[in-house]
Amino acid sequence: MDQLTPFLTAFFKTTFTQADARRRIGLLEQGIEQTVYTQGVTKTLEQVVTELAKQKEDAQAVVQFLSAVKLPSDTTLLKKMLAGLRDAVVSKTAVILAIPFEPTAEQIVAYGEWFRVNVSPDVLISIVFDASVVGGCSITWQGKQVTYDLEYLIKQKRNEIVAVVDQFVEKKRREKVI
Amino acid sequence: MNTGVLIILLFVVIAVAVSQLGVILYFVNFIKKNQIPDGTIKDAQEKSASVIAEAVAKSNELVVKAQEEQIEKVSEESKKLDELAKQFEQTVNDLEAKTNSELTGTAKEATESLETVAQTSQESLQDVVQTSQKTLETMASESQETLKTLVATDRKVLEEKTDTMINQSSQVFQQFMTQLSTQVREQLAGELDTAKKEIDIYKKERINTINEKIIDILEETLVATLGKKLSLKDEGEFVFQALETAKKEHVFG
């Protein structure tokens, strides 16, 4: 586990969502397969990964990871490290964040960093789309689900809204009487 | 002659005969025991025989005499008895006659007395009846008077009691009516309060429902309008605001 820690730290530094983590581990495994375990390959692992990546963010994240760590030369140890990394990602419980829009990569990083700072340094998030959550988000964490959206805000401000409505109705009634 | 006298005479004769026979037997026995020589004996026998004969003759004479005396006595006694019987019969007849006459007299007297008593009793009874009738009439009259007095008294008492009861009943009825009206008033007031409370509750619930409805409409309107108008940047900012709220409410522990 101690040998795996630097790899996990480096991996989580660029990856914040569970989906990105799974996809990027797959990309890394695929790159290692096509370079380390394949003879006669002239390309580097970074080059192969960049070629294989369907999203440039994935390629950048994996390249950044590879630059941050030194992969073991022993193939057995390398396999063991990859398996440990996959298990750690798969077994980790993610915070589910439901939002009513498709976030940008920057927004995903920003949310991920917020969670790393405010919840846990190695926490992963799972972003899902929910159009009903207008003006906020819904959070599911450790079996608990809360929603902070426009509806929540309106309910929070219920009394103020009711007071305003009552004033409005009273004003209209007086006008009608006069 | 009377039968009783004859029986007595017969007994006397038999007694005399038995006594003579006894004397004879005694002498025969005496002779046998004291036998004397033949000459002497013969003389003695002759003497004794003569003595005996004399004794027998004398005894016969005595017996006859006694019999005659007895017969005479018996005859006298019989005469006396006849006389006594006659006297007794006479006495009885006298007594019977006397008794008859007395009884007749007594019966007559008794009848007369009875008649007198009956008459007296009848008269007394009539008196008693008349007296009783008078007494009863007097008593009836008195009773009637008493009854009248009692009825009058009772009527007065009854009227007084009736008045009292009517007054009491009136008071009780007034009290009852007062209590009833108070109870009705209190019950009505209670029901009115309850109705007011229920109306207030209904009003509040209704207002709440209306407010909820207003909020729903407002929310729907805001969601429908703001959802389309919010920019990605605004949405992103709202997410951060929501995350900060979650942090403040300790959603992450």
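It should be noted that the structure appears before, not after, this text.
In what follows, the accompanying structure is described. (Residues numbered from 1 in each chain as written. Chains lettered and ligands numbered in written order. Predicted model: local features only at pLDDT ≥ 70, side-chain atom pairs only at ≥ 80, totals over all residues. Heavy atoms only, no water.)

### Overview of the overall build of chain B
Then step 1. Counting its regular elements, chain B contains three helices and zero strands.
Then step 2. Along the chain direction, N to C, the helices and strands of chain B fall in the order α-α-α.
Then step 3. Put simply, chain B has 253 residues, and 8% of those count as buried.
Then step 4. Total accessible area computed for chain B in this model is approximately 20,900 Å², and 60% of it derives from carbon and sulfur atoms. (Helix = DSSP H or I, 4+ residues; strand = E, 2+ residues; numbered from the N terminus. Buried < 20%, exposed > 50% of the residue type's maximum accessible area, 1.4 Å probe, protein only. Areas by Shrake-Rupley, 256 points an atom, 1.4 Å probe, with all protein chains shown as cover.)

### Quick notes on a negative patch on the surface
Residues and elements named next belong to chain B.
Then step 1. A cluster of acidic side chains, namely Glu-68, Glu-69, Glu-72, Glu-76 and Glu-77, defines a negative patch on the protein surface.
Then step 2. You can see Glu-76 is positioned in helix α2 (residues 38-229).
Then step 3. When its relative accessible area of 40% is taken as the criterion, Glu-76 is described as partly exposed. (Patch = residues over 30% accessible without salt bridge, like charges linked within 9 Å, V, L, I, M, F, W, Y side chains within 5 Å. Salt bridge = Lys/Arg side-chain N within 4 Å of Asp/Glu carboxyl O. Lys, Arg positive; Asp, Glu negative; His and termini not counted. Charge placed at Lys NZ, Arg CZ, Asp CG, Glu CD.)

### Side note on the packing of helix α1 (residues 5-14) of chain A against helix α4 (residues 56-68) of chain A
Residue and element names in this part refer to chain A.
Then step 1. Relative to each other, α1 and α4 sit at 150 degrees, their axes nearing to 9 Å. In terms of their interaxial angle, α1 and α4 are classed as roughly antiparallel. The two elements α1 and α4 meet at a crossing, and its hand is right-handed. Of the residues in α4, those touching α1 at Phe-7, Ala-10, Phe-11 and Thr-14 are Ala-61, Gln-64, Phe-65 and Ala-68.
Then step 2. Across the contact of α1 with α4, the residue classes break down as six nonpolar, two polar and no charged. (Axes fitted to C-alpha atoms, helices over the stretch in contact; angles between N-to-C directions. Parallel < 35°, antiparallel > 145°, perpendicular 65-115°, else oblique. Left-handed = near helix turned anticlockwise from the far one by under 90°. Contact = heavy atoms within 4.5 Å. Nonpolar A, V, L, I, M, F, W, Y, C, P; charged D, E, K, R; others polar.)

### Notes on the pattern of salt bridges
Residue and element names in this part refer to chain A.
Then step 1. Applying the stated criterion to the full structure yields 11 salt bridges over all chains.
Then step 2. Residue Arg-23 pairs with Asp-58 through a salt bridge whose shortest N-O separation is 2.5 Å. On the criterion of sequence distance, the pair formed by Arg-23 in helix α2 (residues 18-35) and Asp-58 in helix α4 is long-range, its members being 35 residues apart.
Then step 3. Between Arg-24 and Asp-58 there is a salt bridge, and its shortest N-O distance comes to 2.7 Å. A residue pair is termed long-range when its members are at least 10 positions apart, and Arg-24 in helix α2 and Asp-58 in helix α4 qualify at 34 residues. Each member of the pair, Arg-24 as well as Asp-58, is classed as buried.
Then step 4. Within this structure, Asp-20, Arg-23, Arg-24 and Asp-58 form a network of salt bridges that share partners.

### Let's talk about the nonpolar core
Then step 1. Ranked by size, the top nonpolar core spans 27 residues in total, and within it Phe-11, Leu-28, Phe-65, Leu-85 and Val-89 of chain A carry the most contacts.
Then step 2. Taken together, the elements giving at least two residues each to this core come down to α1, α2, α3 (45-52), α4 and α5 (75-91) of chain A.
Then step 3. Ranked by residues supplied to this core, first place goes to α5 of chain A with six residues.
Then step 4. Grouped together as the second largest cluster of nonpolar side chains are 21 residues, Phe-115, Val-123 and Val-146 of chain A together with Val-239 of chain B included. (Core = buried A, V, L, I, M, F, W, Y, C linked by side-chain atoms within 4.5 Å.)

### Some thoughts on the interface of chain B and chain A
Then step 1. Taken together, the contact pairs 28 residues of chain B with 32 residues of chain A.
Then step 2. Of the roughly 2,700 Å² buried at the junction of chain B and chain A (both faces included), carbon and sulfur atoms supply 74%.
Then step 3. Along the contact surface separating chain B from chain A lie zero salt bridges.
Then step 4. Broken down by secondary-structure element, the contributors of at least two residues to the side of chain B that touches chain A are α2 and α3 (232-248) of chain B.
Then step 5. Ranked by residue count, the leading element in the side of chain B that touches chain A is α3 of chain B, at 12 residues.
Then step 6. Looking at the side of chain B that touches chain A residue by residue, the classes come out as 16 nonpolar, six polar and six charged. (Buried area = accessible area lost by both parts, 1.4 Å probe.)

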